[in-house]
Amino acid sequence: MACVKLGSKTDAFQRQGQAWFCTTGLPSDIVVEVGEMSFHLHKFPLLSRSGVMERLIAEASDEGEEKCAINLPDIPGGAKTFELVAKFCYGVKIELTASNVVYLRCAAEHLEMTEEYGEGNLITQTETFFNQVVLRNWKDSLRALQTCEDILNYAEELNITKRCIESLAMKASTDPNLFGWPVMDHGGPMQSPGGSVLWNGISTGARPKNVNSDWWFDDVSALSLPLYKMLISVMESRGIRQDIVAGSLTYYAKKYLPGLNRRKSTSESSTRLTTAVLGSPPSEEDQKLLLEDIDRFLPFQKGLVPTNFLFGLLRTAMILKASNSCMSNLEKRIGMQLDQATLEDLLMPNFSYSMKTLYNVDCVQRILEHFLAMDQITGGASPCLVDDSHQIIGSPSLTPVTMVAKLIDGYLAEVAPDVNLKLPKFQALAAAVPEYARPLDDGLYRAIDIYLKSHPWLAESDREQLCRLMDCQKLSLEACTHAAQNERLPLRIIVQVLFFEQLQLRTSIAGCFLVSDNLDGSRPLRSGIAASSEGGWATAVRENQVLKVGMDNMRMRVSELEKECSDMRQEIEKLGQTKGSNTWAKKFGFKLKSQMCSAQEGSVSNQNSNSGKIEKAKQKRN
């Protein structure tokens with residue numbers, strides 16, 4: 001730390017309890033009271049350097065008192081600073097540093113210690129040191145700015161605060177690798193103006209490591225919130241990059257908002273919060289003000305800060321009961337980058353006593369709505385496009401809206417076991433995801449199944465209404481198999497699932513036969529080549545055998561499904577006859593009887609034709 005010594009005499013001051021005495025051999029003729037401290041001094045050294053002391057001494061002398069007493073209650077820096085001022089007046093050596101120069105500069109201004117009362121007076125000395133030494137050094141500028149907090153009004157009147165902030169902002173917004181050695185004083189090795197590392201003043205030729213743009217984050221996080229906000233405002237006015245500003249705000253928030261570190265390891269959390277914990281921890285009101293200020297200063301731009309950090313801010317805002325505008329802004333920020341969130345982020349506990357659900361489902365729905373609104377504006381969400389050659393342009397699984405749909409389905413499965421989660425709220429969140437965002441409805445089916453299992457008291461009509469959220473045609477074969485045996489699903493949904501599962505199996509079998517026909521048709525074309533290689537023929541035979549086993553298994557599954565559908569159709573017809581009409585069967589949304597019959601007929605004809613194809617294939621190969 002840079003310092004300058006003023007004066008030439010040795011220290012002639014002694015302290016006795018709450019009093020200072022000047023041991024010059026002459027009895028003191030003035031007592032200066034500064035707070036609880038008394039200074040027993042002499043009139044002449046004081047009035048010869050300070051205009052204020054000259055007037056106060058003259059006023060006290062007019063009253064006829066032999067030993068006058070003066071009270072200085074408002075001197076900047078208090079008794080400790082006045083001690084240095086008094087020593088300066090007596091010509092005693094004092095040391096100017098970045099830690100005391102602001103106090104001394106303000107006290108000198110307060111006492112009118114100008115050049116009119118002696119050449120090289122305290123105002124001139126402190127101003128020169130401040131401009132030529134402190135402002136040229138990062139650490140000293142930061143230390144001086146921290147001292148401004150105690151006497152902020154005096155420092156602002158003299159533009160000391162502004163000059164410190166301008167100096168820091170200039171150094172932080174300039175690439176430190178460009179002007180190397182002055183900035184590297186913040187903790188790196190001493191460097192020459194050329195950039196090489198110095199050892200005992202001798203250049204070693206070694207080049208210092210490049211400094212990242214976040215090198216100053218930890219230093220400025222030691223500032224109080226008012227000073228930190230002033231620094232960030234000046235940095236933004238100087239055009240510093242938005243991502244750097246956001247990074248500094250994130251660092252500052254993590255240091256003073258303990259709730260943001262709940263996922264950190266114990267060692268990391270304790271290290272990050274050392275400053276806040278060892279000192280007086282910020283009160284809840286201070287944390288609330290800090291959080292709202294962080295929200296105001298954060299650039300409203302996607303991807304500048306991690307999504308889990310925004311979720312941490314939102315959770316903390318709920319706990320601290322921050323303003324509605326603050327929480328709304330945080331929800332919008334999260335909505336902009338919801339596709340980068342994780343399921344753990346979404347599982348925010350419900351901190352409101354008025355809401356009985358375990359998790360804050362309403363908040364997640366608002367965040368989802370913000371995401372969808374932003375997605376429509378940017379045009380990022382749209383169904384897959386297919387060109388003339390039937391090739392999918394862009395994979396739907398990689399689109400942000402599809403990622404969000406998968407995330408919401410997972411969230412629905414997590415909150416579904418909550419018995420206090422009402423059906424309308426569950427339906428509203430599930431229905432908020434566009435249909436095109438789900439290539440498959442397996443995740444939604446899983447969430448619905450968990451909800452039905454946790455809410456067995458739901459009426460049949462409510463179950464059907466809930467199951468209408470999923471599209472049975474978008475269930476995978478595994479999901480269809482599970483749903484067809486799921487007793488929790490309404491009968492109407494099971495019938496639809498069986499029907500579409502049968503269609504999927506029929507399509508799969510048709511595809512297998514198509515492959516088989518292609519193999520049969522292509523064999524003569526490759527007979528010349530295949531005949532010369534017995535290994536190739538053996539491989540083809542094994543492939544055909546595996547294919548035949550697969551087709552037989554699928555054929556058996558189709559037969560089982562057709563039998564189940566036939567039995568179910570008979571059950572439905574019996575129920576319709578007992579009620580005197582078959583109107584109940586018509587509620588299933590499609591002509592069940594005709595489709596099932598046609599399905600059975602098509603299955604039998606396909607089996608006959610496919611058996612003929614297999615026999616022909618065997619004859620050809622033999």
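The chain goes by BZIP domain class transcription factor in an unreviewed UniProt entry, where it is assigned to Tripterygium wilfordii. The heading Pathway (unreviewed entry) in the UniProt record of the chain holds the text "Protein modification; protein ubiquitination."

Participant: Would you mind showing me how to read the nonpolar core here?
Facilitator: Generally speaking, a soluble globular protein has its nonpolar side chains buried in company with each other. Val32, Leu41, Trp216, Leu313 and Leu338 are the most contacted members of the largest nonpolar core, which has 155 residues in total. Of the residues forming this core, the biggest block, nine residues, is contributed by helix α20 (residues 400-415). In this structure, this core is formed jointly by two domains, domain 1 (3-156) and domain 2 (159-176 + 214-262 + 282-329), each of which donates at least three residues.

Participant: Would you mind going over the packing of aromatic side chains with me for this structure?
Facilitator: The full count for this structure, using the stated rule, is seven aromatic pairs. Residues tryptophan 216 and phenylalanine 217 carry aromatic rings whose centres are separated by 4.8 Å and whose planes lie at 90° to one another, so their mutual orientation is edge-to-face. The same class applies to tryptophan 216 as to phenylalanine 217, namely buried. On the numbers, 4.9 Å between centres and 50° between planes, the contact of tyrosine 252 with tyrosine 256 is tilted. Of the two residues, tyrosine 252 and tyrosine 256 both sit in helix α12 (residues 242-256), four residues apart, roughly one turn of that helix. A relative accessible area of 4% places tyrosine 252 in the buried class.

Participant: What exactly am I supposed to notice about the side chain of serine 167 here?
Facilitator: With respect to the helices and strands, the residue serine 167 is situated in helix α8 (residues 160-172). For serine 167, the contacting residues outside a window of four places in its chain are Leu135 and Ser141.

Participant: Please explain the pattern of salt bridges as it appears in this structure.
Facilitator: Summed over the entire model, instances satisfying the criterion amount to 19 salt bridges. Salt-bridge contacts for aspartate 219 lead to lysine 139; the nearest nitrogen and oxygen are separated by 3.4 Å. Of this pair, aspartate 219 sits in helix α10 (residues 217-220) while lysine 139 sits in helix α6 (residues 138-147), placing them 80 residues apart in sequence. Of the residues examined, aspartate 219 reaches a relative accessible area of 11% and is grouped as buried. Relative accessible area serves as the criterion here: at 26%, lysine 139 is assigned to the partly exposed category. A salt bridge links aspartate 293 to arginine 296; its shortest N-O distance comes to 2.2 Å. Remark: arginine 296 and aspartate 293 occur in helix α15 (residues 284-297); sequence separation between them is three residues, near one turn of the helix. Salt bridges sharing common partners tie together Arg105, Glu109, Glu127 and Arg163.

Participant: Please clarify how helix α23 (residues 460-467) should be interpreted in this entry.
Facilitator: Spacing of three or four residues puts side chains on the same side of an α-helix, whose turn is 3.6 residues. Listing the buried residues of α23 in full gives Arg463, Leu466 and Cys467. Seen from one end, α23 has its buried residues packed into an arc of 95°, which puts them on one side.

Participant: What's the story with the environment of cysteine 363 in this structure? I'm lost.
Facilitator: For cysteine 363, the location among the structural elements is in helix α19 (residues 361-378). Once residues lying within four places of it in the same chain are set aside, the contact partners of cysteine 363 are Leu314, Met318, Glu331 and Met348.

Participant: Help me understand the pairing of strand β6 (residues 68-71) in this model?
Facilitator: On a regular strand, each side chain points to the face opposite its neighbour's, so the side chains alternate between the two faces of the sheet. Residues of β6 alternate between two faces, with Cys68 and Ile70 buried on one and Ala69 and Asn71 left unburied on the opposite face. Looking at chain direction, strand β4 (residues 30-34) and β6 are connected through four bridges and run parallel. Note on β6: the bridge partner recorded for valine 31 is alanine 69.

What counts, and at which threshold
In every chain, residue numbers begin from 1 and rise along the written sequence. Where local features are concerned, this predicted model is filtered to residues with pLDDT of at least 70; where side-chain atom pairs are given and counted, the filter is 80 or more; whole-chain, interface and lining totals use all residues. Remark: hydrogens and water are excluded; side-chain values derive from all non-hydrogen atoms of the structure. UniProt positions are given in the numbering used here, feature names are shortened, and annotations may be inferred rather than shown by experiment. The definition of a nonpolar core used throughout is a set of buried Ala, Val, Leu, Ile, Met, Phe, Trp, Tyr and Cys residues joined through side-chain atoms within 4.5 Å. For every residue, the accessible area (1.4 Å probe, protein chains only) is compared with the maximum for its type, and the residue is labelled buried under 20%, exposed over 50%, or partly exposed between those bounds. The helix count covers DSSP runs of H or I at least four residues long, the strand count covers runs of E at least two residues long, and both are numbered beginning at the N terminus. For the domains described, the bounds stem from an automatic or database domain assignment. Paired rings are identified among Phe, Tyr and Trp, the last through its six-membered ring, by centres lying within 6.5 Å, and are further divided according to the angle between planes into stacked (under 30 degrees), edge-to-face (over 60) and tilted (the rest). Residues count as neighbours in contact if any of their non-hydrogen atoms are within 4.5 Å of one another. Here a salt bridge means any side-chain nitrogen of Lys or Arg lying within 4 Å of a carboxyl oxygen belonging to Asp or Glu. This arc describes the spread of directions from the helix axis toward the C-beta atoms. DSSP calls a pair of strands paired once it identifies at least 2 bridges connecting them.

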